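Here's the letter readout for the chains.
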Amino acid sequence: MSGERLGLAALAVALAAVPALAPTAYVVTLLNVIGLYAIVTLGLILLGCSGQVSLGQAAFYGLGAYTSALLSRDLGWPPAATIPLALGLVAGTAYVVGVPTLRLAEHFFVLATLGVGIIVNVLMVQLVPLTGGASGLRDIPGLALPGVRITTDRQFYYLIWTLVFVTLILARNITSHRTGRALRAILGSEVGAAALGVEVSRYKMHVFVLSAVYAALAGALYAHYIRFISPSPFSLYASLFFLIMAVVGGLTNIWGGLLGAAAVTILDQIIRAEVPRVFPRVGGEYQTAIYGILLVLIMIFFPSGIVRGALDLRRLLVRSAARPAPVPAGAQDPPTLGDPPPVAPRAKPADGGGGM
Amino acid sequence: MLALLPQLVLTGLTVGSIYALVALGFVVIYNVTGILNFAQGEFPMLGALLCASLLAGGLSVPLAAVAAVAAVCVLGALVERLAVEPAYGSHPLTLIIITFGVSMAFRGLALMVWGADPYTLPEFTPGAPLVLLSGVLTRQAVWAIGLSLAVVAALFLFFACTVPGAAVRACADNPFASRLVGISPRRTSLFAFTLSAGLGAVAGIVIAPITGATYDMGLGLGLKGFVAAVIGGLTNAPAAVVGGYLVGLIEALATGFLTPGYSGAITFLVLLLVLFLQREGLLHGAQRRRA
Amino acid sequence: MSGALLEAQDLSRRFGGVVALRRVSFAVAPQEIVAVIGPNGAGKTTLFNVVTGLLAPTAGRIRYRGADLAGLSPARIAALGIIRTFQNPMVFGEMTVAENVMVGCHRWTRTGLLAAALALPGAIHEDRLVSRAALEALVLVGLRDRAADPARDLPAGQQRLLEIARALAARPTLLLLDEPTAGLSAGEARHLVEVIRRLRADGITFIVIEHNMDVVMEAADRVIVLDYGEKIAEGTPPEIQRDPRVIAAYLGEEPDAVPAAGVSLP
Ligand SMILES: Nc1ncnc2c1ncn2[C@@H]1O[C@H](COP(=O)(O)OP(=O)(O)OP(=O)(O)O)[C@@H](O)[C@H]1O
Ligand SMILES: [Mg+2]
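Source: prediction; values computed, not measured.

Caption draft 1: Molecular detail of the overall build of chain C. The secondary structure content of chain C amounts to 10 helices and 10 strands. Taking 2.2 N^0.38 as the reference for a compact globule, 266 residues should give roughly 18 Å; the C-alpha atoms of chain C span a radius of gyration of 19 Å, in line with that estimate. Principal axes of the C-alpha set define a box for chain C whose edges measure 65 × 40 × 35 Å. For chain C, contacts bridging at least 24 residues in sequence account for 68% of all contacts bridging at least 6. As presented, chain C carries roughly 10900 Å² of accessible surface, and 53% of it is formed by carbon and sulfur atoms. Side chains of chain C carry 28 positive and 30 negative charges; the gap between the two charge centres is 6 Å.

Next up, the structure:
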């Protein structure tokens, strides 16, 4: 536990020093983007802790952005008020979506979030008088919080990363203690958890709403930071992008969220720069090929994220070096209390439903 | 307004027959493996684009179509062996995410291979369109509806009257018992993916002369197919076919009577409605998993 | 029966054509140990599923402390103090043995999302309480030394014990155990019977589905026999052992379905 505190403190110091040491403004901007994505990813991972996946995070991200942008731009309300309002609106939306779908099996929930994502994106494009349609919204007010104006990249950097730390610590606390155990119990066995008095759908609802609020917070910050929004960064493609970040970090590993967001964002920058050199004639979202394959490989070989996967691999190698006999499946060092679980293996190869 | 109706219905039935084929692919895989294959829509895309390339390579239409379907079947089998089978036994979420990964991979690879421009296939039997109740039905649309009905019929015969078909049904009903009598769930799963891929490819090749074929057509087709399958209850093949036609009709009517841009959202609104009305309790889900 | 803790009236449950329970009525008094026996597929587990709200009965009603349980969710029913274990253990495989039991404490702890998120002192304090309670429960079933292992690493019999520890940590009023001794050695089973008797003295009421007749004889005050979903007999263990209908029900089955320690045959 104190090791975790130490890590947190070290990371905070390092991040605080970045703007002073950063060789270019590009690094600060990149870190800002990573920070925003990290907040969204943290929300997804909170959701993952209860055994859920959402493909509508980009919609919540976008709703947060559009709500705060519109309220502050068209009504002239201060962002200090519009951002909380945006979070509230998104929480309400997530609640309405969650009520009927969370009690369904996993894939129906995924499908419902996917549907919401697509509907919201269509609305962003189609409600031209309100959203400006495909060409987007310009001249969104910057962030004037009581006392301070936050305008430069550097100022945003401190704001965003402070919020990353706050959301990280909140998420970490939620996934420990009673609530965290209940969530992981739900991941392990919903029926087993319910039989002990865990109100499964209520907990799932709570984390779902919370994950949506995380996304909305990042979205609202994004709107006031970039000061221009359009529907394309909030498409299904973005939802998949967030999912990949969560999966790379480990769907149930809070700390993995930071790593996943950073790794995938940087990878994306590299791909965008390098692939056109190899395949000069492709345009558009060719990266999906790489991400898709990445997703499959990670889920097959490191279903609990690359950090945990690497640790397991090392342990396996150390053991097989020490003792040539194959390691029995599941033999592992005892994890410490509060260790987040990887996605639990459960489904059987062929468990079909009724007849054809 | 009403004058448009017959035309919209005919259009709806045409695309509906394609959605029905895709939905059927979902149902086959879901029944046999319990997986919702989010990559299902990519098979029509691959079928159509492969067929276009084979035609450009000088093959005749029937030959190119058959070869493309066969190739997509092989791809379906590869997906099962390389991506899905290694993850059997994992959390259902893992499998869902994997099929999403497969879908993204196919879409990206198709973009690299075929580029972003649309391809067109020639009509199977070019000629003047038919006029039906003041609506126009192209010959290709007749092909689409007829072929999809034929495939559906063939599928039912297969499941009802042949030994391998019965094996697949048995496996869907009770995997444990079917293992006892020597039916391998592994082989059945492979078969289900191959068959679904083939169904998808047929759908793609038949619709491409009407709508054209692009690398990203899979997403829409796949999602509409889902909605159809979900409307049908996901395990019921005839209901999925009906669901396909329903989705086609809803979409066509929405396009005709609403601002076109919204028609995409309408399908998903229907999906949400269906999901909201769905009753599936805690225990049901748990038992599926334990099987 | 007035003063009953649990009272079932004409419970029926069908699955399509299969009638898993047919008009089953019984009552359980506080601090009683009731055994439910019957051949495979008799409907015993279905009875538990119906009582704990996992399945709705097709007909009939269940009263607990005089209040109707109809329509309550499994979690609500658990909150009322009716806790169960499962025939196929539903342990939370990726959590440690100790954490599994800590989930059992969910029922009587209060930390909510907000208190946890802010790590309020109350949450921390409750955590300490809970880990102590969890260890006590583990000591009771003899799993203390496996507390830090992932639950999935336990063999099936011990997973069953873990489920029992988890259920005990919930401080149940009525505890339903589904074949608790399956996969246990004779010594472990004896120990479990002792634990059950001790806990009964502390005020817990038990309904136990059990195939091992030695355990039934030793532990149960009363036995309910199900066959094809119907209650065919009810009485003290010696009465049940002599009941011709019970003997017939078991003889109608394949030999291996006859209870191991043997209903004494005429
Ligand atoms: N969820 C379900 N869906 C369909 N049928 C079911 C379901 N649960 C139980 N059944 C059927 O109900 C009958 C009673 O099953 P149940 O599991 O209650 O028996 P049991 O007495 O617990 O048997 P065992 O000793 O094997 O555990 C069986 O025929 C079983 O197949
Ligand atoms: Mg049973």
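Having seen the structure, we can now continue with the description.
Caption draft 2: Representation of the overall build of chain B. For chain B, the count of helices and strands is 12 helices and 2 strands. Over its C-alpha atoms chain B spans a radius of gyration of 19 Å, differing by no more than 12% from the 19 Å that the globule rule assigns to 291 residues. Oriented by its inertia axes, the alpha-carbon framework of chain B measures out at about 55 × 45 × 40 Å. In chain B, the proportion of contacts linking residues at least 24 apart, taken out of those at least 6 apart, comes to 75%. Charged side chains of chain B number 12 positive and 9 negative; the gap between the two group centres comes to 12 Å.

Caption draft 3: View of the nonpolar core. Core analysis: the biggest nonpolar cluster contains 250 residues, and Trp-161 and Ile-229 of chain A have the highest contact counts within it. The dominant element in this core, judged by the number of residues it contributes, is helix α10 (residues 200–226) of chain A, at 18 residues. Apart from residues lying up to four places away in sequence, Trp-161 of chain A is in contact with Leu-15, Leu-31, Asn-32, Ile-34, Gly-35 and Leu-258 of chain A. Of all hydrophobic cores here, the second largest spans 27 residues; its members include Tyr-64, Leu-69, Leu-174 and Ile-207 of chain C.

Caption draft 4: Examining the pairing of strand β8 (residues 205–209) of chain C more closely. Residues and elements named next belong to chain C. β8 sits mainly inside the fold: 5 of its 5 residues count as buried. Burial of β8 is two-sided: the residues Thr-205, Ile-207 and Ile-209 facing one way and the residues Phe-206 and Val-208 facing the other way are all buried. As judged from the 4 bridges shared by strand β3 (residues 33–37) and β8, these two strands associate in the parallel manner. For Ile-33, the partnering residue across the bridge sits in β8 and is Phe-206. Taken together, the 5 bridges between strand β7 (residues 174–178) and β8 define a ladder with parallel strand orientation. Note that in β8 the partner of Leu-177 across the bridge is Val-208.

Caption draft 5: The arrangement of the coordination of the magnesium ion (ligand 2) in detail. Residue and element names in this part refer to chain C. Looking at the metal site, the magnesium ion (ligand 2) is ligated by Thr-45 (OG1) and Gln-87 (OE1), spaced 1.9 to 2.1 Å from it. Remark: Gln-87 occurs in the loop between β6 (82–84) and α3 (97–104) and Thr-45 occurs in helix α1 (residues 44–51); sequence separation between them is 42 residues. Of the residues examined, Thr-45 reaches a relative accessible area of 25% and is grouped as partly exposed.

Caption draft 6: Up close: the site of ligand 1. In the vicinity of ligand 1 lie 14 residues, with Gly-41, Lys-44, Thr-45, Thr-46 and Gln-87 of chain C positioned nearest. Chains contributing residues to the immediate surroundings of ligand 1 are chains B and C. Between ligand 1 and Asn-40 of chain C, the relevant distance is 3.0 Å, taken from an oxygen atom to a side-chain nitrogen or oxygen of the residue. Alone, ligand 1 offers 630 Å² of accessible surface; in the complex the protein occludes 68% of this. When residues of the shell around ligand 1 are traced back to their parent elements, those giving at least two are β2 (18–28) and α1 of chain C. For the shell around ligand 1, the element with the most residues is α1 of chain C, which contributes 3 residues. Grouping the amino acids of the shell around ligand 1 by side-chain chemistry returns 4 nonpolar, 8 polar and 2 charged.

Caption draft 7: Structural detail: unusual backbone geometry. Residues and elements named next belong to chain C. Of note in this structure, Gln-31 is not a glycine but carries a positive phi near 65°. Considering the arrangement of structural elements, one finds Gln-31 in the loop between β2 and β3. Phi is positive for Glu-179, close to 50°, though the residue is something other than glycine. As for its position among the elements, Glu-179 is in the loop between β7 and α7 (186–201).

Caption draft 8: Structural view of the packing of helix α8 (residues 177–188) of chain A against α3 of chain C. Two numbers describe how α8 of chain A lies on α3 of chain C: the axes approach to 9 Å, and their chain directions differ by 105°. As far as their axial angle goes, α3 of chain C and α8 of chain A are roughly perpendicular. Along the contact surface, α8 of chain A presents Arg-181, Arg-184 and Ala-185 of chain A, while α3 of chain C presents Glu-99, Met-102 and Val-103 of chain C. Split by residue class, the contact of α8 of chain A with α3 of chain C holds 3 nonpolar, no polar and 3 charged.

Caption draft 9: Geometry of a nonpolar patch on the surface. Judged by side-chain polarity, Leu-4, Leu-5, Val-9, Phe-257 and Leu-258 of chain B come together as a nonpolar surface patch covering roughly 350 Å² of accessible area. Within the secondary structure, Val-9 of chain B sits in helix α1 (residues 5–33).

Caption draft 10: Quick peek at the sheet that holds β8 of chain C. All names here are of chain C. Here 6 strands make up an open sheet; going across it, the order is β6-β7-β8-β3-β9-β10 and the pairing mixed. Unpaired on one side and paired on the other, β6 and β10 (230–235) mark the two borders of the sheet. Across the sheet, the axes of successive neighbouring strands diverge by a mean angle of 20°, strand direction being ignored. As paired elements, β6 and β7 share 3 bridges and run parallel to each other. Paired with Ile-83 across the two strands is Leu-175, which belongs to β7.

Caption draft 11: Structural detail: the packing of aromatic side chains. Enumeration according to the criterion identifies 20 aromatic pairs over all chains in this entry. A ring pair is formed by Tyr-61 of chain A and Phe-234 of chain A, whose centres lie 5.3 Å apart and whose planes are at 70°; its orientation type is edge-to-face. Pair noted here: Tyr-61 of chain A is in helix α3 (residues 57–74) and Phe-234 of chain A is in the loop between α10 and α11 (236–249), with a separation of 173 residues, a long-range link. Its end group placed over the ring of Phe-92 of chain C, Arg-166 of chain C keeps NZ or CZ at 4.3 Å from the ring centre. One cation-aromatic arrangement involves Arg-171 of chain C over Trp-108 of chain C; the distance from NZ or CZ to the ring centre is 3.4 Å.

Caption draft 12: Spatial organisation of the sheet that holds strand β4 (residues 59–64) of chain C. Residues and elements named next belong to chain C. Spatial strand order, β2-β1-β4-β5: 4 strands in an open sheet with antiparallel pairing. With partners counted over all chains shown, the strands left at the sheet margins are β2 and β5 (67–68), one partner each. In the packing of α1 onto the sheet, the strands contacted are β1 (6–15), β2 and β4, and the crossing angle to β1 comes to about 115°.

Caption draft 13: Spatial organisation of helix α5 (residues 139–161) of chain B. Taking 1.5 Å of rise per residue, the 23 residues of α5 of chain B would be expected to cover 33 Å, and the 32 Å separating its terminal C-alpha atoms lies within 8% of that figure. Within α5 of chain B, the full set of buried residues consists of Gln-140, Ala-141, Ala-144, Ile-145, Ser-148, Val-152, Leu-155 and Phe-159 of chain B.

Caption draft 14: Main features of the side chain of Glu-210 of chain C. All names here are of chain C. Relative to the helices and strands, Glu-210 is located in the loop between β8 and α8 (213–219). For the buried Glu-210, no salt bridge exists, and the shortest N-O distance to an oppositely charged side chain is 8.5 Å, to Arg-160. There is a polar contact of 3.0 Å between the side chain of Glu-210 and the backbone nitrogen of Asn-212. Each residue touching Glu-210, except ones within four places of it in the same chain, is listed here: Val-36, Ile-37, Pro-180, Thr-181, Val-215 and Val-216.

Caption draft 15: Structural context of the confidence of the model for chain B. All names here are of chain B. Chain-level pLDDT for chain B is 84 on average; 91% of the residues reach the 70-or-more range. Element-level mean pLDDT values for chain B span from 38 in helix α12 (residues 282–290) up to 95 in helix α2 (residues 42–56). In the model, residues 280–291 has pLDDT below 50 throughout and makes 27 contacts with residues more than four positions away in sequence or in other chains.

Caption draft 16: Examining the pattern of salt bridges more closely. All names here are of chain C. Taken as a whole, this structure holds 21 salt bridges over all chains when the rule is applied. Its salt-bridge partner being Glu-32, residue Arg-222 comes within 2.5 Å of it at the nearest N-O pair. Here Arg-222, found in strand β9 (residues 222–227), pairs with Glu-32, found in the loop between β2 and β3; they are 190 residues apart in sequence, far enough to count as distant. Of the two residues examined, Arg-222 and Glu-32, each falls in the buried class. We note a salt bridge from Arg-166 to Glu-163, for which the minimum N-O separation is 3.4 Å. One end of the pair, Arg-166, and the other, Glu-163, are both in helix α6 (residues 156–169), 3 residues apart, so they sit about a helical turn from each other. By relative accessible area, Arg-166 is classed as buried at 2%.

Caption draft 17: Spatial organisation of α1 of chain B. Taking 1.5 Å of rise per residue, 29 residues should cover 42 Å, and α1 of chain B covers 40 Å from first to last C-alpha, within 8% of that figure. Directly beyond the C-terminal end of α1 of chain B, a positive phi value near 75° is found at Gly-34 of chain B.

About the thresholds
- Residues numbered from 1 in each chain as written.
- Chains lettered and ligands numbered in written order.
- Predicted model: local features only at pLDDT ≥ 70, side-chain atom pairs only at ≥ 80, totals over all residues.
- Heavy atoms only, no water.
- Helix = DSSP H or I, 4+ residues; strand = E, 2+ residues; numbered from the N terminus.
- Rg over C-alpha atoms; globule rule 2.2 N^0.38 Å.
- Contact = heavy atoms within 4.5 Å.
- Areas by Shrake-Rupley, 256 points an atom, 1.4 Å probe, with all protein chains shown as cover.
- Lys, Arg positive; Asp, Glu negative; His and termini not counted.
- Charge placed at Lys NZ, Arg CZ, Asp CG, Glu CD.
- Core = buried A, V, L, I, M, F, W, Y, C linked by side-chain atoms within 4.5 Å.
- Buried < 20%, exposed > 50% of the residue type's maximum accessible area, 1.4 Å probe, protein only.
- Pairing = 2+ DSSP bridges.
- Donors = N, O, S within 2.8 Å, 3.2 Å for Na, K, Ca; no water.
- Near = heavy atom within 4 Å.
- Polar contact = N/O pair within 3.5 Å; in protein donor to acceptor, adjacent residues only side chain to side chain.
- Nonpolar A, V, L, I, M, F, W, Y, C, P; charged D, E, K, R; others polar.
- Axes fitted to C-alpha atoms, helices over the stretch in contact; angles between N-to-C directions.
- Parallel < 35°, antiparallel > 145°, perpendicular 65-115°, else oblique.
- Patch = residues over 30% accessible without salt bridge, like charges linked within 9 Å, V, L, I, M, F, W, Y side chains within 5 Å.
- Salt bridge = Lys/Arg side-chain N within 4 Å of Asp/Glu carboxyl O.
- Phe/Tyr/Trp six-rings, centres within 6.5 Å; stacked < 30°, edge-to-face > 60°.
- Lys NZ or Arg CZ within 6 Å of the ring centre and 35° of its normal.
- Expected span 1.5 Å × (residues − 1).
- pLDDT = per-residue confidence, 0-100.

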